[in-house]
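# Survey of secondary and tertiary structure
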Amino acid sequence: MEDLIDPGLPQDGEDQVSLISIKSVQPSPDTLTKLVRRLRALTLTLLPVEVDPESINEPTSRVITPRVISAYKAAAGDFVEALPYCLLRARAEFIWDANHNPADYGENRGRAIACEVLARRIVHLAEPDKIRTIMSTRYKHRQVDGDESEMASALEMAIDQHCTIFLSSTEAQDVVNALWNGELIQINNKHHDIEYVPYAETQDHSFWGHFDPSRLSVPRYQNIFRITVWLIFLFVYSQAVREPLERLGDSHKFLDNWEIVLYLLALSFIFENLHKFYVLLRLVAWRAFSFWQVVTFATDSLLLTAFTLRVGGLIAEGDQETALRLRSFQILSCVSPLIWMKLLTIFDGYKYIGTMQICVSRMLKESGIFFALLSLLAIGFWQGLYAVDAADGSAEPPMTIVNVLVQALLQSPNYDKFSASPTGLWLFYLWNAVSVIVLLNVLISLFSSAYSDIVDDAEAEYLAFFAGKTISLIRAPDSYVYPAPFNLIEALFVVPFELFPILRLSDKHYATLNRYIMSVIFFLPLCSIAIFESLFNRRKNSWLETWFRGDDEGEEDSPANRNPIVNDPNCPGLQISKVSFEDLVKVFPNTAQVTHFLRLAVVK
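The notes below deal with the structure included here. This structure is a prediction, so every number in the text was calculated from the model and none was measured.

## Let's talk about the overall build of the protein chain
In terms of regular secondary structure, the protein chain is built from 29 helices and 4 strands. Residue burial in the protein chain is summarised as follows: out of 604 residues, 40% are buried. Considering only contacts in the protein chain between residues 6 or more positions apart, those separated by 24 or more positions represent 70%.

## Some words on the environment of Lys351
For Lys351, the position within the fold is in helix 18 (residues 351-389). Linking Lys351 and Ala458, residues 107 residues apart in sequence, is a C-alpha distance of 9.8 Å. Beyond its immediate chain neighbours, meaning those up to four positions away, Lys351 contacts Glu459 and Tyr462.

## Observations regarding the pattern of salt bridges
Summed over all chains, the structure comprises 12 salt bridges. With its nearest N and O atoms 3.4 Å apart, the salt bridge here joins Glu93 to Arg40. Here Glu93 is found in helix 4 (residues 83-100), whereas its partner Arg40 is found in helix 1 (residues 29-46), with 53 residues between them in sequence. One salt bridge connects Arg89 with Glu93, and the closest N-O pair in it is separated by 3.5 Å. Of the two residues, Arg89 and Glu93 both sit in helix 4, 4 residues apart, roughly one turn of that helix. Using a relative accessible area of 18% as the deciding quantity, one classes Arg89 as buried. Of the residues examined, Glu93 reaches a relative accessible area of 24% and is grouped as partly exposed. Three or more residues joined by partner-sharing salt bridges are found here, namely Asp30, Lys140, Arg142 and Glu148.

## Description of a negative patch on the surface
Taken together, the side chains of Glu50, Asp52, Glu54 and Glu58 define an acidic patch exposed on the protein surface. Tracing the backbone shows Glu50 in the loop between helix 1 and helix 2 (53-57). Note on Glu50: relative accessible area 55%, which makes it exposed.

## A few points about the packing of aromatic side chains
Under the counting rule described, the total for this entry stands at 20 aromatic pairs. The interplanar angle of 75° and the centroid separation of 5.5 Å between the aromatic rings of Tyr415 and Phe428 together place this pair among those described as edge-to-face. Taken together, the residues span a long stretch of sequence, with Tyr415 in the loop between helix 19 (398-409) and helix 20 (422-456) and Phe428 in helix 20 at a distance of 13 residues. When the centroid spacing of 4.9 Å and the interplanar angle of 70° are considered together, the rings of Phe486 and Phe522 count as edge-to-face. Linking Phe486 in the loop between helix 21 (458-474) and helix 22 (487-493) with Phe522 in the loop between helix 24 (507-521) and helix 25 (523-535), this pair joins segments that are 36 residues apart in sequence. Taking the relative accessible area as the measure of exposure, Phe486 reaches 25% and is therefore partly exposed. For Arg40, the ring lying beneath its charged end belongs to Phe94, and the centroid distance is 4.5 Å.

About the cut-offs
Residues numbered from 1 in each chain as written. Predicted model: local features only at pLDDT ≥ 70, side-chain atom pairs only at ≥ 80, totals over all residues. Heavy atoms only, no water. Helix = DSSP H or I, 4+ residues; strand = E, 2+ residues; numbered from the N terminus. Buried < 20%, exposed > 50% of the residue type's maximum accessible area, 1.4 Å probe, protein only. Contact = heavy atoms within 4.5 Å. Salt bridge = Lys/Arg side-chain N within 4 Å of Asp/Glu carboxyl O. Patch = residues over 30% accessible without salt bridge, like charges linked within 9 Å, V, L, I, M, F, W, Y side chains within 5 Å. Areas by Shrake-Rupley, 256 points an atom, 1.4 Å probe, with all protein chains shown as cover. Lys, Arg positive; Asp, Glu negative; His and termini not counted. Charge placed at Lys NZ, Arg CZ, Asp CG, Glu CD. Phe/Tyr/Trp six-rings, centres within 6.5 Å; stacked < 30°, edge-to-face > 60°. Lys NZ or Arg CZ within 6 Å of the ring centre and 35° of its normal.

This is the structure we're talking about:
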């Protein structure tokens, strides 16, 4: 078998990472930009023509071979640790080229996938003890306009670009799970720089060692807290909207207890979401926003409007007070579909619900094309029908025509409305034919395409989604996490000691203040977390972990497993390893190269 790796390039058995630690060397944005440009030049040379994307991502690809991987590693010189970040940055640039140059879309799309596949393979070949560092170390690069980009890691770059190939790798998911479980925690430095360190190195494993307010920032515990609070919010909302049935008259002029709790919870959610939007806009990018951020914004807007009208009704008198109160409860009722739909985002940590959420979100995005076409046609038909109605010198209100068109779209057309005008009737016939037969079938096709795209690659899509969910819970650099509704306590009693010069405390005293306050108000959750972590620690209670999760040794590969020694008194002199493992594998084909399979097929 001829050699597959150029002897002039780094070998798999050699040390494939630079000798200079990434912790001690932080490349400047200009340095990383030069490396990105070199990687782009390499990729343009590797793929000068369009190549099938599936052939690039195959494990036995003839494009991304061991020689190619070694060449890219050698191209990074002493900055191999930053290579995945730079490859993902090069991927982003190729995607931009593809979207802005339709003639070369296929070529640039293939180059982008090649960069992502190379980033995944390079991380896979890295030393295990450096994978977390490679994935989580944050860098800057020089943008096209000359400004420096915001700090981001390879993992964050992959999430922003929705790199399902990279994020579905074992290495990426190991880091994501470590962040989700709190095994890997972030330390916020100056200039919004974040450093990830193992939690086991910062605390002992006793109960009081785990009784730490900072554990509330762990995504897993944040998710549990969010589920609990949201279920309470749904219960309170269900009681508040029943209030008009149970309390009418003069006694209803004042806020009910359920209303007070409802609007306090809503206010805490609004503050939390506004802070999250601000941080994402300032530190991340618009790519971090999704469809569910739009739903959140609509929910918060309706709750705030309902509260404003309710307060206005308390101040007003007479008929105005009744009208404002009625309008407030009507708007509050419109919130119901949105808050129940948001249950998908609360329980999306479970795979089935998470996959369903991805499908729903993708379908709603695809429906944008349908609603754009529908809006244009609706305006045209509305104008035509209104003009026909006004031809005799009198016309009904414009909203009447709108209602008729909407009813027809919802399969309840009123043909008698235009029976007196043949022209109007033919226009109405045409509207029904176009909307029901043409546009609705276009919408069904879009939904079917979006669903098949998700289902065909459901595992990778969910893993990428789960990675994005995990990073979104820790991405905003906040040293002291007060989940809603307790963020109102933070805003009233803690933030003034940080913002106002007269009350401002030193960093040490401010940290002490937060620790005491969080220990008091979160005493029960912190006790639960401390008991769970101190009792279910894997190293101290491995038997308990095995009992709950089973004993899986499928991935173990050790010399003892390769050549087992038999000491069985029932079978004296008999051995399993009569032929050594090394001799057995000599006849195996090299599955890293498709050409070997092709040669075997030719021989047969």
